[in-house]
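Listed below are the residues making up each chain.
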Amino acid sequence: MHSEAVASRSADPKGPSSRNGSNPPLDSVSLAIIEQLQEDGRRPYAAIGKAVGLSEAAVRQRVQKLLDQGVMQIVAVTDPLTVGFRRQAMVGINVEGDLDPVADALTAMSECEYVVMTAGSFDLMVEIVCEDDDHLLEVINRRIRAIPGVRSTESFVYLKLKKQTYMWGTR
C-alpha cells in the first residue's frame, strides 16, 4: 500500500464537483496527471511532466487547480491495523424523517470514515474504524443509535480486507 494516495472525487458536499456541473469535464492531460499521482502521490512534477508532455511548472499549475476545484485530494493513507484500529465495519442505517441531520451527526464522529446516502435497503451506509469490538459496540449502540431519527442499524463487520484502491477516478 502506498503511503500517499490521490482520490478523485465524484461528489463533495463541502466543495465543487464535476458531477453536479460546477466543473467542466477533465481533459486527457488532467486525467493522465491524476493517474500519475494515483500511482505515487509523491511523484515529482518533473517526472509527471515528462510522462504527460508538460513542463514541471504546467503540471504544478494543473495539480493546484485540481486541488482547488475539489476534483482530487492528496492524502496519506494508513493501514488501520498498523496504527491500532483492529475493528472495521460497514453499518447500514435506516432513518425516520430527514436524512441530512443524521448524516451530519455521523460525519462529525471521528470513527466514521465514510458516510453516504443511498437508495435501497438502507438510507445511509457508514464505514466505521474502531480500536476493538468494545469500541465498535460503544459507537453503534451508544452513539449512532442515540442520534435522533435513527430507526435501525445493521452491522457488517470486516473479517479481512482483500482490496482497497483509489484508482477509480479516471476510468
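Anyway, here's the lowdown on the structure attached to this text. Numbering of residues starts from 1 in each chain and follows the order in which that chain's sequence is written. The model is predicted, so local features are restricted to residues of pLDDT at least 70 and side-chain atom pairs to those at 80 or more, both for listing and for counting; the totals for chains, interfaces and linings are taken over all residues. Calculated side-chain values reflect all of the structure's heavy atoms, with hydrogen atoms and water omitted.

**Some words on the overall build of the protein**
So, step 1. Regarding its fold elements, the protein presents five helices and six strands.
So, step 2. Under the scheme used here, helices are H or I runs from DSSP no shorter than 4 residues and strands are E runs no shorter than 2 residues, and both carry numbers assigned from the N terminus. N-terminal to C-terminal, the α/β element order of the protein is β-α-α-α-β-β-α-β-β-α-β.
So, step 3. Relative accessibility decides the category of a residue: with a 1.4 Å probe and only protein chains considered, values under 20% of the type maximum give buried, values over 50% give exposed, and everything between is partly exposed. For the protein, with 171 residues in total, the buried portion stands at 34%.
So, step 4. Throughout, a contact is declared for two residues whenever any of their heavy atoms are within 4.5 Å. Here the analysis covers contacts within the protein between residues at least 6 apart in sequence; of these, 68% occur between residues at least 24 apart.
So, step 5. Each accessible area is a Shrake-Rupley result for a 1.4 Å probe, and residues are judged covered by the shown protein chains and nothing else. Here the protein has roughly 10,400 Å² of accessible surface; of this, 50% comes from carbon and sulfur atoms.

**Points about the state of the cysteines**
Covalently bonding the sulfur atom of one cysteine to the sulfur atom of another cysteine gives a disulfide.
So, step 1. For the purposes of this analysis, a disulfide is any pair of cysteine sulfur atoms at a distance within 2.5 Å. Applying the stated criterion to the full structure yields zero disulfides.
So, step 2. Cys 112 takes part in no disulfide bond, and the closest cysteine sulfur, belonging to Cys 130, lies 8.2 Å away.
So, step 3. Given the relative accessible area of 0%, Cys 130 is considered buried.

**Observations regarding the pattern of salt bridges**
So, step 1. Each salt bridge in this description consists of a side-chain nitrogen of Lys or Arg and a carboxyl oxygen of Asp or Glu lying within 4 Å of one another. For the structure on display, the rule yields seven salt bridges.
So, step 2. A salt bridge links Asp 27 to Arg 62; its shortest N-O distance comes to 2.8 Å. Of this pair, Asp 27 sits in the loop between β1 (4–8) and α1 (28–39) while Arg 62 sits in helix α3 (residues 56–68), and the two are 35 residues apart along the sequence.
So, step 3. When its relative accessible area of 35% is taken as the criterion, Asp 27 is described as partly exposed.
So, step 4. Exposure remark for Arg 62: the relative accessible area of 25% places this residue in the partly exposed category.
So, step 5. Among the salt bridges present, the one from Arg 43 reaches Glu 39, with a minimum N-O distance of 3.2 Å.
So, step 6. A residue is classified by how much of its surface remains accessible, and Glu 39, at 38% relative accessible area, is partly exposed.
So, step 7. The structure contains a network of salt bridges with shared partners spanning Glu 111, Glu 138 and Arg 143.

**With respect to the packing of helix α2 (residues 45–52) against α3**
So, step 1. Axis separation between α2 and α3 bottoms out at 8 Å; the angle between their running directions is 100 degrees. On the basis of the axis angle, α2 is roughly perpendicular to α3. Here Tyr 45, Ala 46, Ile 48, Gly 49 and Val 52 of α2 come into contact with α3, specifically with Glu 56, Val 59, Arg 60 and Val 63. Orientation is described by axes fitted as lines to C-alpha atoms, over the contacting stretch for helices, and by angles from 0 to 180 degrees between their N-to-C directions. When describing relative orientation, an angle under 35 degrees is termed roughly parallel and one over 145 degrees roughly antiparallel, while 65 to 115 degrees is termed roughly perpendicular and anything else oblique.

**Re the nonpolar core**
So, step 1. For the purposes of this section, nonpolar cores are sets of buried Ala, Val, Leu, Ile, Met, Phe, Trp, Tyr and Cys residues that join through side-chain atoms within 4.5 Å. By size, the foremost hydrophobic cluster in this structure holds 19 residues, and its most contacted members are Ile 93, Val 102, Leu 106, Met 109, Leu 124, Ile 128 and Ile 144.
So, step 2. Breaking this core down by element, the ones donating at least two residues are β3 (87–95), α4 (99–107), β5 (124–130) and α5 (133–144).
So, step 3. The residues contacting Leu 124, other than those within four sequence positions of it, are Val 91, Gly 92, Ile 93, Val 95, Val 102, Ala 103, Leu 106, Val 116, Met 117 and Thr 118.
So, step 4. Ranked by size, the runner-up nonpolar core spans 10 residues in total, among them Ile 33, Val 59, Leu 66 and Val 71.

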